[in-house]
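# A closer look at the structure
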Amino acid sequence: MEFSNSKKTILSGVQPSGNLTIGNYLGAIRNWETLQNEKYEEYNSLYCVVDMHAITVRQTPAELRRRTMETVAIYLAAGIDPAKSLIFVQSHVPAHAQLSWVLNCYTMFGELSRMTQFKDKSAKNAQNINAGLFTYPALMAADILLYQADLVPVGIDQKQHLELTRDIAERFNQVYGNTFVVPECYMPKTGAKICSLADPTKKMSKSDENPNACVLMLDSKDDIIRKFKRAVTDSDTSVRYADGKDGINNLMTIYSCFTGKTFEDIEKEFEGKGYGDFKMAVGEACADGLAPLQAEFKRLMADKVYLENLMRENADQASYIARKTLSKVYRKIGFLAKP
Ligand code: ATP
Ligand code: LTN
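What comes next is a walk through the structure. Bear in mind the structure is a predicted one, so any value in this text is a computation, not a measurement.

### Concerning the site of ligand 1
Inspection of the region around ligand 1 gives 22 residues, with Lys121, Asp157, Lys203, Ser205 and Ser207 positioned closest. One of the backbone N or O atoms of Gly23 is found 3.2 Å from a nitrogen atom in ligand 1. In the model, an oxygen atom of ligand 1 is placed 3.0 Å from a nitrogen or oxygen of the Asn24 side chain. When ligand 1 is considered free in solution it has 600 Å² of accessible area, and contact with the protein chains removes 97% of it. Of all the secondary-structure elements, those providing two or more residues to the shell around ligand 1 are strand E1 (8–14) and helix H1 (22–38). In terms of residue class, the shell around ligand 1 is built from 6 nonpolar, 11 polar and 5 charged.

### Digging into the site of ligand 2
Around ligand 2, a shell composed of 14 residues is seen, among which His53, Tyr136, Met140, Asp143 and Gln158 lie nearest. One of the side-chain nitrogen or oxygen atoms of Tyr136 is found 2.7 Å away from a nitrogen atom of ligand 2. For ligand 2, a nitrogen atom lies 2.6 Å from a polar atom in the side chain of Asp143. In the complex, 93% of the free accessible area of ligand 2, which totals 370 Å², lies under the protein chains. Broken down by secondary-structure element, the contributors of at least two residues to the shell around ligand 2 are E1 and helix H7 (131–146). Residues that form the shell around ligand 2 fall into these classes: 7 nonpolar, 6 polar and 1 charged.

### Here we look at unusual backbone geometry
The phi dihedral of Gln148 is positive, around 55°, even though this residue is not glycine. Here Gln148 lies in the loop between H7 and strand E4 (151–153).

### Considerations on the side chain of Glu70
Following the sequence through the fold, Glu70 ends up in helix H3 (residues 61–77). Discounting chain neighbours no more than four positions away, the residues touching Glu70 are Asn19, Phe297 and Met301.

What counts and how
Residues numbered from 1 in each chain as written. Chains lettered and ligands numbered in written order. Predicted model: local features only at pLDDT ≥ 70, side-chain atom pairs only at ≥ 80, totals over all residues. Heavy atoms only, no water. Near = heavy atom within 4 Å. Polar contact = N/O pair within 3.5 Å; in protein donor to acceptor, adjacent residues only side chain to side chain. Areas by Shrake-Rupley, 256 points an atom, 1.4 Å probe, with all protein chains shown as cover. Helix = DSSP H or I, 4+ residues; strand = E, 2+ residues; numbered from the N terminus. Nonpolar A, V, L, I, M, F, W, Y, C, P; charged D, E, K, R; others polar. Contact = heavy atoms within 4.5 Å.

Don't take any of this as a statement about function, it's just geometry.
Structure, rendered in structure tokens:
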């Protein structure tokens with residue numbers, strides 16, 4: 001892609017920490033594709049596979065490698081177009097680690113302690129509450145600020161991290177003069193929080209141990225339908241969006257995302273019908289919505305040379321853009337330039 005200094009910039013990323021779910025798709029990746037196309041004239045688009053974030057939780061090396069490559073292929077299969085967007089792997093661009101160290105020194109212990117993702121993940125990984133898990137948001141801030149991103153499309157769970165990124169940017173700018181663009185958060189109207197099918201009060205998460213809690217982007221049609229059939233709902237029988245009906249609200253949200261129908265349309269469509277029919281329809285819509293992406297994913301994974309060339313070239317381009325911000329930061333904080 002051609003990076004233009006006169007355009008604004010969009011940046012986002014997903015961790016290759018597990019198999020991607022429809023939460024990642026509807027909350028993030030699908031909107032990246034829309035933004036890339038609808039805002040092409042106005043924005044550069046950069047989409048990163050954040051493998052350095054993934055190791056804040058223990059990963060199996062071979063699996064991390066495989067998933068990193070697969071995540072690149074998923075971005076492409078979802079319609080992120082290398083002619084319009086820069087797709088790259090975080091660890092291929094050293095400036096992320098370099099800026100993240102600097103930003104760590106401008107991020108407060110108290111701020112990091114308040115991050116709900118840190119609290120949730122340390123409760124889940126009590127035997128591995130490492131420093132990386134704690135300083136995770138400073139690395140995320142580096143990802144964003146390095147490219148002077150204006151807009152960051154994410155699901156609702158990342159809003160707090162984005163606010164911290166803004167605070168870090170503003171703090172730095174105040175001390176050293178205008179250095180970073182202060183980014184805005186972009187969230188989809190529907191799909192910013194897809195919930196677990198096993199516990200619809202919790203967000204669907206790719207690192208959930210219960211395989212029935214998430215629908216994966218690469219699940220087969222049979223698996224998708226089976227998982228929706230088993231989805232936890234309530235003892236009521238009517239398909240309507242209402243407080244206390246978390247399971248049905250979640251299924252309606254997913255159905256709405258895949259069909260474009262409003263909640264009102266959906267209530268009418270299923271009037272007088274039971275949850276069984278509705279769940280079947282959600283399963284079908286989801287499986288059909290993912291089918292073209294899955295076919296394209298398969299095709300891409302058979303062409304490793306293409307994926308490798310793309311990763312190499314894009315990492316070089318990202319490094320070039322990132323180094324400009326990094327040099328500016330190094331100069332401002334007083335690092336002696338290498339003679
Ligand atoms: P993990 O379980 O490993 O923490 P995750 O499934 O939460 O992973 P991330 O890689 O942390 O996924 O998130 C990538 C993007 O997907 C972020 O923008 C995040 O907000 C979005 N996202 C993740 N889960 C959901 C969800 N259930 N609903 C909507 N958006 C989501
Ligand atoms: N923390 C994010 C992933 C992430 C990200 C980013 C998202 C890392 N760096 C930069 C947007 C922009 C998450 O979803 N857990």
